[in-house]
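# An overview of the molecular structure
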Amino acid sequence: MEHGNGFKSTWFFAPFGGEYDRRVNDFDPVYHRKPSEITAMFRKIHEKGCELTLHGIRSAFLDAKVLKKQLESFEKRLGFKFLGVRHHYLMFRHGQTLEAASEAGLMYDTTLGFSDRAGFRNGMATPFFPFPVDHPAGGMVEIPLIFMDTVFTHSQDTEDQVKRQITESYLYAKAARGLFSVNIHPRNMNADEIPALDNFYHSLLSRFRSDQAHSMTGSELAHWWKTREKVLRALEYSPDMWRVKGVALPQNMEFSITAPAIKNMRFSIEGTSGSFRSEGESLTIHPGVVNPETGITIMKKTD
């Protein structure tokens, strides 16, 4: 469904094999497939351009050693590192969860969300840095979770009310030109699990496509957000000049300059053969490929 709409996704897998093939509590996830079948599934998902990463279980949300052990169980099997995590049942503890993820070498977390409602738990429709840069976990990116399919089973509201809440959250994110992240458990697409989910998710995907939503995996989004931070710190500017130099820009990154009567102004743009467009009081530049050594310079012409 996602691939057919032009989207790709991030797949979170719980550890399996050995000690992970038995439950240590009532809600431990256990896969009832052979390890070879699961590994083959990994390869297929990866070949589609999607991302594989960790669904942390047990005390991984509290303990960096436990988290590292779960990560290593995949990395030894697959030969590449996982970059993000979402913890089981959205288990999260301030002062421990993000610190453990940072110590384990992860780039991002996407655990902050609600299981019984749609909406912005942190109040923002964007990724963010939970800590200042000088904090030990200052490089961690949090990608907030806006809608998880369990809202259909955990909420006290009716099915129609839940759908309306999700749609309203999406409209808020769209109006802000922000982030709308969705977490779907594949088994819940079965009508015997959540009858309303299949058709509703299909309609959401169609709406995303018609609205020209841009799809990114978790690691792509986290990398983009970290690069954005570098751009902000590298920015040079004066009343008539704006320059970014020394930063490798993602090709899909745009820049916007806003000023009264900007349509009547003229600019020279150096260091890129990309495109630009004028909308209202904003000039938006899509740089394309930029050499980090020379950077991109936008200058207002005064003659």
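The structure contained in this document is the topic of the report that follows.

It is worth spelling out the pairing of strand β2 (residues 51-56) at this point. Along β2, 6 of the 6 residues are buried, which leaves the element largely enclosed by surrounding structure. Bridge analysis of strand β1 (residues 10-13) against β2 gives 4 bridges, and the strand direction is parallel. By the bridge assignment for β2, W11 is matched with L52. Between the parallel elements β1 and β2, the chain passes through helix α1 (residues 35-47) in a crossover that is right-handed. Pairing between β2 and strand β3 (residues 84-87): 3 bridges, direction parallel. By the bridge assignment for β3, G56 is matched with H87.

Residues V231, V244, L249 and I296 are the most contacted members of the largest nonpolar core, which totals 24 residues. Sorting the residues of this core by element identifies α7 (218-234), β9 (241-244), β10 (255-258), β13 (282-286) and β14 (296-301) as the ones contributing at least two each. With 5 residues, the top contributor of residues to this core is α7. In this view, L249 contacts V231, V244, F255, V290 and I296; residues no more than four positions away in its chain are not counted.

Reading the values: the criteria
Residues numbered from 1 in each chain as written. Predicted model: local features only at pLDDT ≥ 70, side-chain atom pairs only at ≥ 80, totals over all residues. Heavy atoms only, no water. Buried < 20%, exposed > 50% of the residue type's maximum accessible area, 1.4 Å probe, protein only. Helix = DSSP H or I, 4+ residues; strand = E, 2+ residues; numbered from the N terminus. Pairing = 2+ DSSP bridges. Right-handed = clockwise from strand over helix to strand, strands pointing away. Core = buried A, V, L, I, M, F, W, Y, C linked by side-chain atoms within 4.5 Å. Contact = heavy atoms within 4.5 Å.

As far as function goes, none of this settles anything; it's purely spatial.
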